Amino acid sequence: MDVTTLGLVGLIALALLFDYTNGFHDSANSVATVIATRVLRPRFAVAWAAFFNFVAFLIFGTAVANTVGSTVKTEFFSQPVVFAALLGAITWNYGSWHLGLPTSSSHALIGGLVGAGLAAGGTEAIKAASVRKALVFMVVSPIAGMLIGAVLMLVLRLVLRGRDVERTERGFRWAQLASSAAVSLGHGGNDAQKTMGVIAALLVATGHLTEHGGKLDVPFWVAVCAATAIALGTYSGGWRIVRTMGMDITALRPVSGFTAETAAAAALFGSTAAGAPVSTTHTVSGAITGVGTANSGATVSWRIFGRMSIAWILTIPVAALIGALAYWGTTMGPNPVGAVVMGAYLLVLAALVAVSLRTSPKADDVAPATGEEIAFPLRPGAGSVIGSAPDRSPEPERPRAKVTAGQPL
């Protein structure tokens, strides 16, 4: 095996590693609400999400893969560019995951590609239309999720007013299984395609694949490998971010959890159909915020949402800077110097990841602490969507339920 082929194999493996970190980092998108509402235990939730992540490639096309794969023009798309872009994206994923910030793996990858492409060939190396589409939907997707979530929440509050509480809760627990599966399909369908696009473009650049009419034909084995990697990452679970999204933005119950997931899935399906590489994280966070805003009795932590928004804005420029630096480090001469610099960086990054994995929260840490739960009577007609403070007057004939402190009924 010659050096070029060996490098190609190594870069495909690195791309799949990014795909794995994407699933690991973004697993909260699919499971945060279903865990927060106690519909599934954490381990069952990530297994459920991983399955639908995997089968998504059989349902959706490859329009998103073409958008991402064409971010850097073919004549500038080289092994050093791909290596630097992936390194920038993986570094940002690790840093934001370590801080518990639900940022976008998609935008990290696009930022890495833009930074590496600019370092390789300046503005001529970048396909403006692909970057423009990503930037537009960076704004559109969370707003769409927020608006759909808020409107759907208001409609459900009207429809469910006066309904029996326990029957409402029980019915929407089952409904949440379907809505969380839809989010997982949207996540797998949009995010796995980004890795497919990078690998397919790399195969074209190295002469192993041919473009047809400017479109990338993603080989079946690439689609299977990308779907498998993101599913395995999702199953591993990014528990730091699960708690941020599922419990820190706003309090969720089965009705509001279902509403947030349905709104996010609708926005994801529309974006994927348009070939836009959107952020599942942005979309789900926007949907959760919209639901919390429209759900009387629930409060939205705008401080948490503000922190996430700042991280969203920083994702592309920071990943681009890391990608550019990595490209210069990879191509600096003489070659042994670049290899030593990049090798040392990879070792430090691997060590930090290993330490963080050992000390990171586990599945059991996502469950609420004992002191976080209080019991109070359920009031007929309150359901899970109507707010107001819980009625703590003694009503022994009423059924009692466990809910998390501060959650709306």
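Conventions adopted
- Residues numbered from 1 in each chain as written.
- Predicted model: local features only at pLDDT ≥ 70, side-chain atom pairs only at ≥ 80, totals over all residues.
- Heavy atoms only, no water.
- Helix = DSSP H or I, 4+ residues; strand = E, 2+ residues; numbered from the N terminus.
- Buried < 20%, exposed > 50% of the residue type's maximum accessible area, 1.4 Å probe, protein only.
- Contact = heavy atoms within 4.5 Å.
- Areas by Shrake-Rupley, 256 points an atom, 1.4 Å probe, with all protein chains shown as cover.
- Axes fitted to C-alpha atoms, helices over the stretch in contact; angles between N-to-C directions.
- Parallel < 35°, antiparallel > 145°, perpendicular 65-115°, else oblique.
- Left-handed = near helix turned anticlockwise from the far one by under 90°.
- Nonpolar A, V, L, I, M, F, W, Y, C, P; charged D, E, K, R; others polar.
- Core = buried A, V, L, I, M, F, W, Y, C linked by side-chain atoms within 4.5 Å.
- UniProt positions renumbered as here; feature names shortened; annotations may be inferred.
- Patch = residues over 30% accessible without salt bridge, like charges linked within 9 Å, V, L, I, M, F, W, Y side chains within 5 Å.
- Salt bridge = Lys/Arg side-chain N within 4 Å of Asp/Glu carboxyl O.

## So, the overall build of the protein
Next up, step 1: Looking only at helices and strands, one finds 14 helices and 2 strands in the protein.
Next up, step 2: A buried classification covers 56% of the 409 residues belonging to the protein.
Next up, step 3: Sequence separation of at least 24 residues holds for 86% of the intrachain contacts in the protein that already meet a minimum separation of 6.
Next up, step 4: Accessible surface computed for the protein: about 16500 Å², of which carbon and sulfur atoms make up 68%.

## Some words on the packing of helix H7 (residues 165-205) against helix H8 (residues 220-236)
Next up, step 1: Taken N-terminus to C-terminus, the directions of H7 and H8 make an angle of 135°; their axes are 9 Å apart at the nearest point. Here H7 lies oblique to H8, going by the angle between them. Judged by the sense of rotation from one axis to the other, the crossing of H7 with H8 is right-handed. Only Trp221, Val222, Ala223, Ala226, Ile230 and Thr234 of H8 make contact with H7, whose side of the interface consists of His187, Asp191, Ala192, Thr195, Met196, Ile199 and Leu203.
Next up, step 2: Here the residues of the contact of H7 with H8 sort into 9 nonpolar, 3 polar and 1 charged.

## Notes on the nonpolar core
Next up, step 1: Counting residues in each nonpolar core, the largest one holds 60 residues, and the members touching the most others are Leu109, Leu113 and Met196.
Next up, step 2: Ranked by residues supplied to this core, first place goes to helix H4 (residues 79-98) with 12 residues.

## Focus on the UniProt feature "transmembrane region" (unreviewed entry) in the protein
Next up, step 1: Using the residue numbers shown here, the UniProt feature "transmembrane region" (unreviewed entry) corresponds to residues 46-64, 106-123, 135-160, 218-237, 310-330 and 336-355.
Next up, step 2: From the first C-alpha to the last, residues 46-64 spans 24 Å; its make-up is 63% helix and 0% strand.
Next up, step 3: Summarising residues 106-123: 89% helix, 0% strand, and an end-to-end C-alpha distance of 21 Å.

## Brief notes about the packing of helix H6 (residues 128-160) against helix H10 (residues 254-273)
Next up, step 1: It is the contact of H6 with H10, at a shortest axis distance of 8 Å, that shows an interaxial angle of 140°. Between H6 and H10, the interaxial angle falls into the category oblique. At the point where H6 passes H10, the crossing takes the right-handed sense. In this structure, H6 uses Phe137, Ala144, Gly145, Ile148, Gly149, Leu152, Met153, Leu156 and Leu160 to contact H10, whose residues at the interface are Val255, Ser256, Phe258, Thr259, Thr262, Ala263, Ala266, Ala267 and Ser271.
Next up, step 2: The class makeup of the residues in the contact of H6 with H10 is 12 nonpolar, 6 polar and no charged.

## Looking at a nonpolar patch on the surface
Next up, step 1: A cluster of nonpolar side chains, namely Leu58, Ile59 and Phe220, defines an oily patch on the protein surface of about 370 Å² accessible area.
Next up, step 2: Take Phe220: it is sitting in helix H8.
Next up, step 3: Since its relative accessible area comes to 60%, Phe220 is described here as exposed.

## Examining the pattern of salt bridges
Next up, step 1: A complete count under the given rule lists 1 salt bridge for this structure.
Next up, step 2: Across the pair Asp191 and Lys194 runs a salt bridge whose closest N-O atoms are separated by 3.0 Å. With Asp191 and Lys194 both in helix H7 and 3 residues apart, this pair spans about one turn of that helix.
Next up, step 3: A relative accessible area of 0% means that Asp191 is categorised as buried.

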